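Below are the chains, spelled out letter by letter.
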Amino acid sequence: MKKTFFRTIVLSAALLVGAGNVSAQKGYEVPPLDEKLAELANEVVELQISDPDKANKSFVKLLRKIRNDKEELLSVGQFFLDKNNYAGANQCAKRVYELAPDYIPGLMFSGEVCMLRKDYGGAGQRFDEVLLLDSTNIPALKRNAFVYKNVNPHVAVEMLQRIKRLEPDNFEADKELGDIAYNMSEYKNAVQAYSSYYEKEDKNKLDIRSCENYLMSLYSIQDIKKVASVVADLEPLAPKNLMIRRMKFFSSVDNARASINFEADMAKAEENMKYIADKEYNDSLYLYLDYAYAAELKKELGDVPAAIGYYEQALKVDSTKLQGYTELAKLYRRDKRFDDAISTYGKFVKLAGDKVKLSDLLGYGQMYMYASQQDSLPMDQKMKYIEGGDAVFQQVLKEEPTAYQAMLFRARINIIDGSNPEDKPTELYKEALKMMEGRENTEAARFEACRYLAFRGIKLDLLDEARQYTNIMLELNPDNGQTKTFDSYLKSVGK
């Protein structure tokens with residue numbers, strides 16, 4: 001063995017210190033370490049940094065004594081492993097494998113040495129060898145599941161399912177199955193596995209990280225009632241845990257929306273929002289959804305400016321959340337900030353790109369329409385809004401020529417003076433009616449078009465035309481006040 005052996009591994013050994021004693025999870029018996037062997041092994045560990053040459057000599061002497069005894073190799077190797085001394089443990093592992101390749105404790109130990117080095121491929125190979133010798137070896141199945149959990153989750157699931165067949169009440173395997181399903185975004189499977197773990201484990205020993213995943217999985221499948229129940233159990237165990245508080249807030253908002261005690265439950269939700277409102281955590285820890293839920297809560301409470309502020313913060317956190325732009329645009333419109341509404345919705349349309357739907361474009365055009373209907377709006381600004389919205393609706397018709405809704409919106413936005421009939425809306429409403437011929441569920445749209453055209457006929461004394469459209473109104477909605485007014489007037493003049 002080279003004199004420089006220990007000198008070359010000092011740095012790597014130092015880096016591994018503090019990684020944790022991976023053998024704490026070992027599932028194999030280690031023979032007691034002989035006192036004299038322990039003295040030599042301890043001397044190696046103590047001298048490895050201060051005097052590598054002397055440490056090397058002690059190790060060579062030690063290895064000569066044990067090289068032909070698999071149990072002593074395991075005992076000494078485990079001593080080094082427990083001290084996070086990879087070099088010594090690895091030499092023992094190699095020798096015990098050469099000496100007894102079918103010695104299951106030696107194979108398990110070799111796997112743990114690979115784990116210390118983060119050589120998961122080598123570890124998996126050793127645990128696989130154990131399972132070839134004993135397919136029911138639970139410790140090997142567990143360690144293999146751990147090894148493959150993040151590199152080949154399907155193999156890990158197979159191992160865990162084998163454990164469950166051998167030990168149906170093994171709830172630790174359920175936790176691992178839940179973790180894997182969560183990482184693969186299989187939330188229904190995650191909930192099923194985590195539920196078994198959660199019900200069987202002592203509540204004071206629960207793995208909080210897995211419980212966070214459980215909550216998020218429940219939230220993903222919208223089991224809000226269960227979210228609230230689990231939060232109530234976990235909150236005393238980790239009162240400052242951000243994820244638990246987040247899920248408490250989200251579930252309380254969703255619960256309040258559907259509650260018959262709306263005001264009282266909304267007040268509870270607002271109380272649960274304090275971790276956001278009071279900035280109890282570092283800014284970097286807040287998610288888009290934290291602010292989006294806060295915005296939705298404020299919107300439900302009628303505080304539109306506050307809702308706007310929270311949606312603005314949400315989009316600063318994650319500008320890729322397209323729904324946030326549409327919700328913010330709607331809030332701007334409610335707050336009569338029409339230019340902001342238009343620009344924000346326009347940003348949404350641009351970011352959506354090829355994925356933008358025709359209904360999205362209709363919503364974009366409506367933002368221009370609402371802006372054009374402001375009271376006391378200068379005509380030049382009004383026409384600017386009208387032209388912008390009309391261009392959007394024409395884009396819809398270009399992409400979908402049968403979209404009568406877009407033609408209907410074109411007619412609406414082009415009404416400049418609602419007290420007098422105008423040529424362009426007339427033309428567009430007539431075109432919309434043609435597009436709706438023979439189509440179902442168009443009653444409201446047809447009524448709107450006929451109402452404008454009947455009004456125009458009466459106003460311009462085109463009474464036959466007025467009667468034509470009024471008759472359609474009578475078919476569609478005979479009890480409507482305008483229908484009755486138009487009909488009475490036309491009858492009074494003999495039409």
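The present account deals with the structure reproduced in this document. (Residues numbered from 1 in each chain as written. Predicted model: local features only at pLDDT ≥ 70, side-chain atom pairs only at ≥ 80, totals over all residues. Heavy atoms only, no water.)

### Regarding the overall build of the protein chain
Cut-off, in case you're wondering: Each helix corresponds to a stretch of at least 4 residues labelled H or I by DSSP, and each strand to a stretch of at least 2 residues labelled E; elements are numbered beginning at the N terminus. Burial classes: relative accessible area under 20% of the type maximum marks a residue as buried, over 50% as exposed, and values in between as partly exposed (1.4 Å probe, protein chains only). Two residues form a contact once any of their heavy atoms are found within 4.5 Å. The Shrake-Rupley method, run with a 1.4 Å probe sphere, supplies the accessible areas, and residue values consider only the shown protein chains as cover.
Helix and strand content of the protein chain: 27 helices and 0 strands. Considering only C-alpha atoms, the protein chain reaches an extent of 120 × 45 × 45 Å along its principal axes. Classification of the 495 residues of the protein chain by burial places 50% in the buried group. Residue pairs at least 24 apart in sequence account for 57% of intrachain contacts in the protein chain once pairs closer than 6 positions are excluded. In the form shown here, the protein chain has an accessible surface area of approximately 25,500 Å², with 48% of it arising from carbon and sulfur atoms.

### Concerning the packing of aromatic side chains
Think of a pair of aromatic rings as described by two things: how far the centres are apart, and how the planes are tilted against each other in angle. Quick reminder of the rule: Here a pair means two rings of Phe, Tyr or Trp (six-membered ring of Trp) with centres within 6.5 Å. Their orientation is stacked below 30 degrees between planes, edge-to-face above 60, and tilted elsewhere. The rule is short: NZ of Lys or CZ of Arg within 6 Å of the ring centre and within 35 degrees of the ring normal puts a charge over the ring.
What the rule picks out here adds up to 22 aromatic pairs. Look at Tyr291 and Tyr310: their rings are 6.5 Å apart centre to centre, the planes differ by 20°, and that puts the pair in the stacked class. Taken together, the residues Tyr291 in helix H17 (residues 288-300) and Tyr310 in helix H18 (residues 304-317) connect sequence positions 19 residues apart. Neither residue differs from the other here; Tyr291 and Tyr310 are each classed as buried. One aromatic cluster in this structure is built from Tyr219, Phe249, Phe250, Tyr275, Tyr281, Tyr286, Tyr291, Tyr293 and Tyr310. Over the ring of Tyr103 we find Lys70, and its NZ or CZ is 4.4 Å from the ring centre. Stacked on the ring of Tyr370, the Lys or Arg Arg333 has its end atom at 4.2 Å from the ring centre.

### Description of helix H3 (residues 52-66)
Defined as follows: One fewer than the residue count of a helix, multiplied by 1.5 Å, yields its expected span.
With 15 residues, H3 extends 21 Å between its outermost C-alpha atoms, agreeing within 8% with the 21 Å of an ideal straight helix rising 1.5 Å per residue. Where H3 is concerned, the buried positions are Pro52, Ala55, Asn56, Ser58, Phe59, Val60, Leu62, Leu63 and Ile66.

### Here we look at a negative patch on the surface
Operational definition: Exposure above 30% relative accessible area and no salt bridge define the residues that can form patches, which grow by joining like charges within 9 Å and nonpolar side chains of Val, Leu, Ile, Met, Phe, Trp and Tyr within 5 Å. Counted as salt bridges are all cases of a side-chain nitrogen of Lys or Arg within 4 Å of a carboxyl oxygen of Asp or Glu. Note that His is not counted, nor are the chain ends; the positive residues are Lys and Arg, and the negative ones are Asp and Glu. Just so you know, the charge point we use is NZ for Lys, CZ for Arg, CG for Asp and CD for Glu.
Where like charges cluster on the molecular surface, the negative patch consists of Asp34, Glu35, Glu39, Glu43 and Glu46. Mapped onto the secondary structure, Glu39 falls in helix H2 (residues 35-47).

### What about the packing of H17 against helix H19 (residues 322-334)?
Selection rule: Only C-alpha atoms enter the line fits that serve as axes; for helices the fit covers just the stretch in contact. Angles between N-to-C directions range over 0 to 180 degrees. For classification purposes, an angle smaller than 35 degrees is called roughly parallel, one larger than 145 roughly antiparallel, one from 65 to 115 roughly perpendicular, and anything else oblique. Put simply, a crossing is left-handed when the front helix is turned counterclockwise from the back one by less than a right angle, and right-handed when it is turned clockwise. Under the grouping applied here, Gly and all other residues not named as nonpolar or charged are polar, the nonpolar ones being Ala, Val, Leu, Ile, Met, Phe, Trp, Tyr, Cys and Pro and the charged ones Asp, Glu, Lys and Arg.
Relative to each other, H17 and H19 sit at 30°, their axes nearing to 12 Å. When the interaxial angle is binned, H17 and H19 end up roughly parallel. Our pair here, H17 against H19, has a crossing hand that is left-handed. Note on element contacts: H19 touches H17 through Gln323, Gly324, Glu327, Leu331 and Arg334, opposite Tyr288, Glu296 and Lys299. Looking at side-chain class alone, the contact of H17 with H19 contains 2 nonpolar, 2 polar and 4 charged residues.

### Regarding the packing of H2 against H3
When two helices pack together, their arrangement is given by the angle between the helix axes and by the axis-to-axis distance. Put simply, H2 and H3 touch, their axes get as near as 8 Å, and they point 155° apart. Of the possible angle classes, the one that applies to H2 and H3 is roughly antiparallel. Regarding H2 and H3, the two cross each other, and that crossing is left-handed. For the pair H2 and H3, the contacting residues are Leu37, Leu40, Ala41, Glu43, Val44 and Leu47 in the first and Pro52, Lys54, Ala55, Ser58, Phe59, Lys61, Leu62, Lys65 and Ile66 in the second. Looking at the contact of H2 with H3 residue by residue, the class counts come to 10 nonpolar, 1 polar and 4 charged.

### Regarding the nonpolar core
Applicable threshold: The definition of a nonpolar core used throughout is a set of buried Ala, Val, Leu, Ile, Met, Phe, Trp, Tyr and Cys residues joined through side-chain atoms within 4.5 Å.
Among the nonpolar cores identified, the biggest contains 104 residues, and Leu215, Leu234, Met247, Phe249, Tyr275, Ile276 and Tyr311 are the most heavily contacted of them. Met247 has contacts with Leu215, Met216, Tyr219, Val227 and Val231, leaving out every residue within four places of it along the chain. Judged by nonpolar contacts, the second largest core, of 48 residues, contains Ala41, Val45, Leu63 and Ile180.

### Observations concerning the environment of Arg245
Test applied: Throughout this description, a polar contact denotes any pair of N or O atoms lying within 3.5 Å of each other; where both atoms belong to protein, one of them has to be capable of donating a hydrogen while the other can accept it, and for residues adjacent in sequence the pair is counted only when both atoms sit in side chains.
Within the secondary structure, Arg245 is located in helix H14 (residues 242-257). On the accessibility criterion, Arg245 (15% relative accessible area) is buried. With 95 residues separating them in the primary sequence, Arg245 and Asp340 have C-alpha atoms 33 Å apart. Ignoring sequence-local partners within four residues, the contact set of Arg245 consists of Pro239, Tyr275, Glu280 and Tyr281. One polar contact links Arg245 to Tyr281, side chain to side chain, over a distance of 3.2 Å.

### Focus on the pattern of salt bridges
Under the definition given, this model contains 32 salt bridges. With its nearest N and O atoms 3.4 Å apart, the salt bridge here joins Arg257 to Glu300. Of this pair, Arg257 sits in helix H14 while Glu300 is found in helix H17, placing the two residues 43 residues apart along the sequence. Of the residues examined, Arg257 reaches a relative accessible area of 35% and is grouped as partly exposed. Given the relative accessible area of 33%, Glu300 is considered partly exposed. Between Asp265 and Lys268 there is a salt bridge, with the nearest N and O atoms lying 3.8 Å from each other. Placement of the pair is Asp265 and Lys268 together in helix H15 (residues 262-272), with a separation of 3 residues, close to one helical turn. Through salt bridges with shared partners, a single network forms among Asp254, Arg257, Glu296, Lys299, Glu300, Glu327 and Lys330.

### Quick word on helix H25 (residues 443-459)
For H25, spanning 17 residues, the distance from its first C-alpha to its last is 24 Å, which sits close to the expected 24 Å at 1.5 Å a residue. Along H25, the positions that sit buried rather than exposed are Ala445, Phe447, Glu448, Ala449, Cys450, Tyr452, Leu453, Ala454, Arg456, Gly457 and Ile458. Residues of H25 that are buried in the fold lie against helix H23 (404-413), helix H24 (423-436), helix H26 (463-476) and helix H27 (481-492). A positive phi of about 65° marks Asp461, the residue just after H25.

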